[in-house]
Amino acid sequence: MTPRLTVRDMCGAAVHAVRMSWAADRRGVLTVVGLQLTTAVGLAGALLLLRGMVGDVMPLARGGGAGVDLSRLVSGLSVLVALGAVGGILQSLSGMRQQILTDRVDRHVISLVLRTAAHTELLEFEDPDFHDQLQRAVHASRREPAKVVMMLVAMLQVALTVLAIAGVFITMAWWLLPLAALSALPLFKAAKDRRNAVYAMHHSLAENHRRRQYLEQLLTRRDEAKEIRALNLGATLHTRWDSEYAQELTGMTRLIRTYAWREISAKLLSGAMIVGVIASVWALVNAGMVSLPAASTGLAGLWLLSSRMGTASQMLNNMGQSLYFLKDLHNFVAAAVEPLPGPAAPVRPFRTLRARDLTFTYPGANRPTLHGIDISLHQGEIIALVGANGSGKTTLAKLLAGLYAPTGGTLVRDSHPVTDLHQLRHCCAVVFQDFVRYKLTAHDNIAFGRVDDQPHHSRIRYAAESAGVATHLESLPDGYQTVLGREFTDGTDLSGGQWQKLAIARAFYRDAPFVILDEPTAALDPQAEADLFARIRQLFAGRTVLLISHRFSSVRSADRIYVLDSGRVIEHGTHTQLMRTQGRYADLFLTQAAGYLSTTPPAP
Ligand SMILES: Nc1ncnc2c1ncn2[C@@H]1O[C@H](COP(=O)(O)OP(=O)(O)OP(=O)(O)O)[C@@H](O)[C@H]1O
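Keep in mind the model is a prediction, meaning the values are calculated, not measured. (Residues numbered from 1 in each chain as written. Predicted model: local features only at pLDDT ≥ 70, side-chain atom pairs only at ≥ 80, totals over all residues. Heavy atoms only, no water.)

Undergrad: How should the nonpolar core be read in this particular structure?
TA: Nonpolar side chains in soluble globular proteins tend to end up buried together. Formed by 46 residues in total, the largest nonpolar core has its most connected members in Ile-446, Leu-473, Leu-502, Leu-517, Phe-540 and Tyr-585. It is helix H15 (residues 496-510) that provides the largest number of residues to this core, a total of eight residues. (Core = buried A, V, L, I, M, F, W, Y, C linked by side-chain atoms within 4.5 Å. Buried < 20%, exposed > 50% of the residue type's maximum accessible area, 1.4 Å probe, protein only. Helix = DSSP H or I, 4+ residues; strand = E, 2+ residues; numbered from the N terminus.)

Written as structure tokens, this is what we have:
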């Protein structure tokens, strides 16, 4: 459905723009509006002065210079020049202040958008519509609110001019007023159609635009640079980027052409109406029904009025486009009704966390990823999740960490159903399979594990030591203050295993009663892996650990192992019990063990 903007929407969005600008820089708004209005008043004063001076000069034109007061004329002229100079200065000041205002409003609005995005639930990020809304909100946050305020000020100036001219009409040739309004109608209609079409096109191309931005990132970021070169993907990705852009440009060009023609037609129609009016006035003058001075003043006014109306329609058009985006921005920000989770409440460890008949379906998926999951985790236990790729281990971990709400069944914490997912998150430290490598200092990378407290260097060091990365971090040029990103001055990089140890250090530093480790040792060397698992009970003593791993050597010592298959728990028990059952776990374990113990000689 083509999106539409009602007059109410437009007024709402304009009020919203003014409010945001006011919140960002009220002195700036007052200064700019004040300067603009002063300039307008100065202009009106200059026009009045000019009219008086023309009246004074008229005798000169008629050849009778005797009645002319030259000193009055010179002083009037000086005032006019001074007014012009002051007007110029005011305009420069206003331009400068507008720039500052625009920057401040930008910062205020983008901060609102980022705050909303940071606060949005993880599940929303699975939805392409959310990404479209986010992108439109980001687009709207760039310059649009300040632009609307500037346009409102400019519109005010145009409205004042139109009112002044209309006032002259009412006293001299009132009957021209409806005709002037009528002649402006085609322009307003064309502007409105174009505005709707541009917005509809932005809507339809939103995903295309995001794909192009993604390709831009692939081509420009350091992280992807090595693989793109190794695979010689540069040209292919560039071609795809080009074709995405070409599609956007084709749509835009077609639209600009179509609406340019419509606008030209509207202008021609409006012009033809004015010519018709001029011809009728001429006929009325000839018939002696209207005096020549009234007709000529009226026609001059009509010309002025129609040109102002044209400007107003253009402004309304531009402002309308901005208002569309502002409506998106307003909706996006307003959708985040929940307050941002504040500083963490004291973390309450649990004795038991149970999943009862838990089901989860990803948005837009046609079948559940998890079905009827029943598992229990007790304080101080190490629980392992194993299963084939795609069996649902990570999804289950995200539910237990309070990142997704279950679509069926319940999570029960110490015999109370979990209703506040934030509480669950507070008491959980997760090392994801695809953990984030923050290109900030090593110190930040660990301290981010616990942002609600002041960073504590000795605890950061202890966390790094526990994860086996302290020695390396201390050997870096600036120790823990070294930036871990080659894109930044004096930045450096870590190896894959070192990054993984840093992510584990972050989890240690979080000091949470529930720890989820999703393939925590995939990048570690065998010695580092063995060291970690040999000490895992001691390192996480008293906490509950959920370990996801494909390495059976590391899960065999867990207190209980759950085997997942296509989103269901098919077996559970200790390693010994599961081996005795000779089910899926035993099969997988023996297959992996056979690979290690194979005595087949290596191929020559
Ligand atoms: N964000 C998502 N949206 C839709 N489907 C998803 C999403 N993430 C995962 N899935 C699907 O859910 C299923 C389970 O994925 P999950 O990542 O939980 O598996 P896993 O057992 O952790 O796999 P692996 O061992 O490969 O890490 C898979 O079929 C996957 O395609």
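Moving on from the model shown.
Undergrad: Please clarify how the site of the ligand should be interpreted in this entry.
TA: Around the ligand sit 13 residues in total, of which Glu-126, Gly-390, Lys-393, Thr-394 and Thr-395 are the nearest. Here Glu-126 contributes a side-chain N or O atom positioned 2.5 Å from a nitrogen atom of the ligand. A distance of 2.7 Å separates an oxygen atom of the ligand from a polar atom in the side chain of Thr-394. Here the ligand loses 63% of its free accessible area of 630 Å² to cover by the protein chains. Grouping the constituent residues of the shell around the ligand by class yields two nonpolar, nine polar and two charged. (Near = heavy atom within 4 Å. Polar contact = N/O pair within 3.5 Å; in protein donor to acceptor, adjacent residues only side chain to side chain. Areas by Shrake-Rupley, 256 points an atom, 1.4 Å probe, with all protein chains shown as cover. Nonpolar A, V, L, I, M, F, W, Y, C, P; charged D, E, K, R; others polar.)

Undergrad: I would appreciate a short explanation of the environment of Arg-356 in the present structure.
TA: Residue placement: Arg-356 occurs in strand S1 (residues 352-360). Taking relative accessible area as the criterion, Arg-356 reaches 44% and is therefore assigned partly exposed. Separated by 18 residues in the primary sequence, Arg-356 and Asp-374 have C-alpha atoms spaced 4.8 Å apart. Those residues in contact with Arg-356, other than ones at most four positions away along the chain, are Ile-373, Asp-374, Gly-409, Thr-410 and Val-412. (Contact = heavy atoms within 4.5 Å.)

Undergrad: Explain H15 to me, please; I cannot follow it from the model alone.
TA: Along an α-helix, residues three or four positions apart point the same way, because every turn accommodates 3.6 residues. The end-to-end C-alpha distance of H15 is 22 Å, a good match for the 21 Å that 15 residues give at a rise of 1.5 Å each. The element H15 is largely enclosed, with a buried count of twelve among its 15 residues. Those residues of H15 that fall on the buried side of the exposure criterion are Gly-497, Trp-499, Gln-500, Lys-501, Leu-502, Ala-503, Ile-504, Ala-505, Arg-506, Ala-507, Phe-508 and Tyr-509. Tucked into the core, H15 has its buried residues touching strand S6 (428-431), helix H12 (442-447), helix H13 (457-467), helix H14 (470-474) and helix H16 (526-539). Where H15 ends, the next residue or the one after it, Asp-511, has phi of about 55 degrees, a positive value. (Expected span 1.5 Å × (residues − 1).)

Undergrad: Would you take a moment to explain the pattern of salt bridges for this structure?
TA: Any two side chains of opposite charge can pair, on the condition that their charged atoms come close. The full count for this structure, using the stated rule, is 22 salt bridges. A salt bridge links Arg-194 to Glu-263, with the shortest nitrogen-to-oxygen separation between them at 3.9 Å. Of this pair, Arg-194 sits in helix H5 (residues 176-204) while Glu-263 sits in helix H8 (residues 234-286), and the two are 69 residues apart along the sequence. Glu-263 gets classed as partly exposed once you look at its relative accessible area, which sits at 22%. Measuring nitrogen to oxygen at the nearest pair gives 2.7 Å for the salt bridge that ties Glu-474 to Arg-461. Here Arg-461 lies in helix H13 and Glu-474 lies in helix H14, a separation of 13 residues in the sequence. Residue classification places Glu-474 among the partly exposed residues on the basis of a relative accessible area of 37%. Relative accessible area serves as the criterion here: at 35%, Arg-461 is assigned to the partly exposed category. Taken together, the salt bridges that share partners define one network made up of Asp-25, Arg-97 and Arg-104. (Salt bridge = Lys/Arg side-chain N within 4 Å of Asp/Glu carboxyl O.)

Undergrad: Any chance you could explain the environment of Ile-274 here in plain terms?
TA: Along the chain, the position of Ile-274 falls in helix H8. Of the residues examined, Ile-274 reaches a relative accessible area of 16% and is grouped as buried. Residues within four places of Ile-274 in sequence aside, it is in contact with Ser-183, Leu-302 and Ser-306.

Undergrad: Whenever I open this one, the state of the cysteines confuses me. Can you help?
TA: Each disulfide consists of a covalent bond between the sulfur atoms of two cysteine residues. Across all of its chains, the model carries zero disulfides by this definition. Lacking any disulfide linkage, Cys-427 is separated from the closest cysteine sulfur, that of Cys-428, by 6.4 Å. (Disulfide = S-S within 2.5 Å.)

Undergrad: Before we go on, may I ask you to explain the packing of aromatic side chains in this structure?
TA: What characterises a pair of aromatic rings is the spacing of the ring centres plus the angle enclosed by the ring planes. Using the criterion set out here, one finds twelve aromatic pairs in the structure. Taken together, a centroid distance of 5.0 Å and an interplanar angle of 85 degrees make the contact between Phe-360 and Tyr-362 edge-to-face. According to the relative accessible area criterion, Phe-360 is buried, its value standing at 0%. With 4.9 Å between their ring centres and 5 degrees between their planes, Phe-360 and Tyr-404 make a pair best called stacked. Taken together, the residues Phe-360 in strand S1 and Tyr-404 in the loop between helix H10 (393-400) and strand S4 (408-413) connect sequence positions 44 residues apart. For Tyr-404, a relative accessible area of 1% puts it in the buried group. One aromatic cluster is present, formed by Phe-125, Phe-130 and Phe-332 through successive ring pairs. In this structure, Arg-212 is placed above the aromatic ring of Tyr-245, and the distance from its NZ or CZ to the ring centre is 3.8 Å. (Phe/Tyr/Trp six-rings, centres within 6.5 Å; stacked < 30°, edge-to-face > 60°. Lys NZ or Arg CZ within 6 Å of the ring centre and 35° of its normal.)

Undergrad: Where do I start with the sheet that holds strand S9 (residues 560-565) in this structure?
TA: Strand order in this open sheet of six strands is S6-S7-S8-S3-S9-S10, and the pairing throughout is mixed. The open sheet has two free edges, formed respectively by S6 and strand S10 (568-573), since each of these has just one partner strand. In this sheet, adjacent strand axes meet at a mean angle of 15 degrees when their direction is disregarded. In this sheet, strand S8 (residues 544-548) lies alongside strand S7 (residues 514-518) in parallel orientation, the contact comprising five bridges. Looking across to S8, one finds that Ile-516 is bridged to Leu-546. (Pairing = 2+ DSSP bridges. Axes fitted to C-alpha atoms, helices over the stretch in contact; angles between N-to-C directions.)

Undergrad: Help me out: how do you make sense of the environment of Ala-401 in this one?
TA: Secondary-structure assignment places Ala-401 in the loop between H10 and S4. It is 6.1 Å that separates the C-alpha atoms of Ala-401 and Cys-428, two residues lying 27 residues apart in sequence. Contacts of Ala-401, omitting those with residues within four sequence positions, involve Leu-424, Arg-425, Cys-428, Val-430 and Ile-516.

Undergrad: Even after reading the chapter, I still don't get the sheet that holds S4, so can you show me in this structure?
TA: Whether parallel or antiparallel, the strands of a sheet pair through hydrogen bonds between backbone atoms. Strand order in the open sheet formed by four strands is S2-S1-S4-S5, with antiparallel pairing between adjacent strands. At either end of the open sheet lies a strand with only one pairing partner, and these are strand S2 (370-378) and strand S5 (416-417). Of the strand pairs in this sheet, S1 and S4 are connected by five bridges, and their pairing is antiparallel. If you follow Arg-354 over to S4, its bridge partner there is Val-412. Most of the contacts of H10 go to S2, to which it runs at about 60 degrees, and overall it touches S1, S2 and S4.

On their own, these measurements won't tell you what the molecule is for.
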